[in-house]
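Listed below, chain by chain, are the residues.
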Amino acid sequence: MSDLLERLRGRGWRMTSQRRVVAEVLAGDHVHLTADEVHALAVQRLPEISRATVYNALGELVLLGEVIEVSTDGRAKRYDPNAHHPHQHLVCSQCGTVRDVHPTGNLLADLPAEERFGFTVSQVEVTYRGLCPTCS
């Protein structure tokens, strides 16, 4: 069983067949699927699942904090189930491939006090951009 499915069961999320399929599609490492990609994969497992059901399930998962919505340069939002492990993203500027990366150091501590302008910073989001090996 995937980490996401285990977390959802632990929270008591009502696991309909449609919701289960959406959670199963999001299982794995480096998963950053668009809603349309989630729907296409879900249809392979459960042909009667509607696009609206997929969008609703993804919205609920984001509200629960079990999935992160990732936006990259105006492209379609992507859904990342790696919500409970701090990480950043590496994005191919050409094809849009997204990979999770775990830089060393403390990105929050690396922001000098004079650059915080009095903000109390609670979260850091860094996106590394470049070309993947296929596009290079």
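A few points on the structure. Note that this is a predicted model, so its numbers are computed, not measured.

So, on to the overall build of the chain. Scanning the chain from N- to C-terminus turns up four helices and six strands. By principal-axis analysis of the C-alpha atoms, the chain measures approximately 55 × 40 × 25 Å. Looking at the chain as a whole, 33% of its 136 residues qualify as buried. Accessible area of the chain: about 8,300 Å², with a carbon and sulfur share of 51%. In the chain, 14 side chains carry a positive charge and 17 a negative one; their mean positions are 6 Å apart.

Side-chain direction in a regular strand flips from residue to residue, so the side chains alternate between the two faces of the sheet. Judged by which residues are buried, strand β5 (residues 98–101) turns out to be one-sided: Val98 and Asp100 face inward and are buried, whereas Arg99 and Val101, on the alternate face, are not. In this sheet, β5 lies alongside strand β4 (residues 88–92) in antiparallel orientation, the contact comprising four bridges. Residue pairing for β5: valine 91 is matched across the bridge by valine 98. The antiparallel pairing of β4 with β5 creates a hairpin that spans five residues between the two strands, and glycine 96 there sits at a positive phi of about 85°.

Let's shift gears to the pattern of salt bridges. Inspection of the entire model under this criterion finds nine salt bridges. Residues glutamate 60 and arginine 19 are paired through a salt bridge, measuring 2.5 Å at the closest nitrogen-oxygen approach. With glutamate 60 in helix α4 (residues 51–64) and arginine 19 in helix α2 (residues 17–25), the pair connects residues that are 41 residues apart, well separated along the chain. Classification of arginine 19 by relative accessible area gives buried; the value is 14%. A salt bridge links aspartate 36 to arginine 51, with the nearest nitrogen and oxygen atoms 2.6 Å apart. On the criterion of sequence distance, the pair formed by aspartate 36 in helix α3 (residues 35–45) and arginine 51 in helix α4 is long-range, its members being 15 residues apart. The network of salt bridges with shared partners includes Asp3, Arg7, Arg11 and Glu66.

A few words on α3. For α3, every residue scored as buried is listed here: Ala35, Val38, His39 and Ala42. Considered in projection along α3, the buried side chains sweep an arc of 100° and stay on one side of the axis.

What follows concerns the environment of arginine 51. You can call arginine 51 partly exposed: its relative accessible area is 40%. Each residue touching arginine 51, except ones within four places of it in the same chain, is listed here: Asp36 and His39. A polar contact of 2.6 Å, which involves the side chain of arginine 51, links it to the side chain of aspartate 36.

The three strands lie next to each other as β5-β4-β6, forming an open sheet whose pairing is mixed. What marks the edges here is a single partner per strand, and that holds for β5 and β6 (127–130). Across this sheet, the average inter-strand angle for adjacent strands is 25°, counted without regard to direction.

This part is about the state of the cysteines. All chains considered together, the criterion is met by zero disulfides. Between cysteine 95, a cysteine without a disulfide, and cysteine 92, which holds the nearest cysteine sulfur, the sulfur-to-sulfur distance is 3.7 Å. Counting only cysteine sulfurs, cysteine 132 is the nearest neighbor of cysteine 135, a cysteine outside any disulfide, at a range of 3.7 Å.

Rules used in this analysis
- Residues numbered from 1 in each chain as written.
- Predicted model: local features only at pLDDT ≥ 70, side-chain atom pairs only at ≥ 80, totals over all residues.
- Heavy atoms only, no water.
- Helix = DSSP H or I, 4+ residues; strand = E, 2+ residues; numbered from the N terminus.
- Buried < 20%, exposed > 50% of the residue type's maximum accessible area, 1.4 Å probe, protein only.
- Areas by Shrake-Rupley, 256 points an atom, 1.4 Å probe, with all protein chains shown as cover.
- Lys, Arg positive; Asp, Glu negative; His and termini not counted.
- Charge placed at Lys NZ, Arg CZ, Asp CG, Glu CD.
- Pairing = 2+ DSSP bridges.
- Salt bridge = Lys/Arg side-chain N within 4 Å of Asp/Glu carboxyl O.
- Arc of directions from axis to C-beta.
- Contact = heavy atoms within 4.5 Å.
- Polar contact = N/O pair within 3.5 Å; in protein donor to acceptor, adjacent residues only side chain to side chain.
- Axes fitted to C-alpha atoms, helices over the stretch in contact; angles between N-to-C directions.
- Disulfide = S-S within 2.5 Å.

Interpretation note: all reported values are geometric properties and have no functional meaning in isolation.
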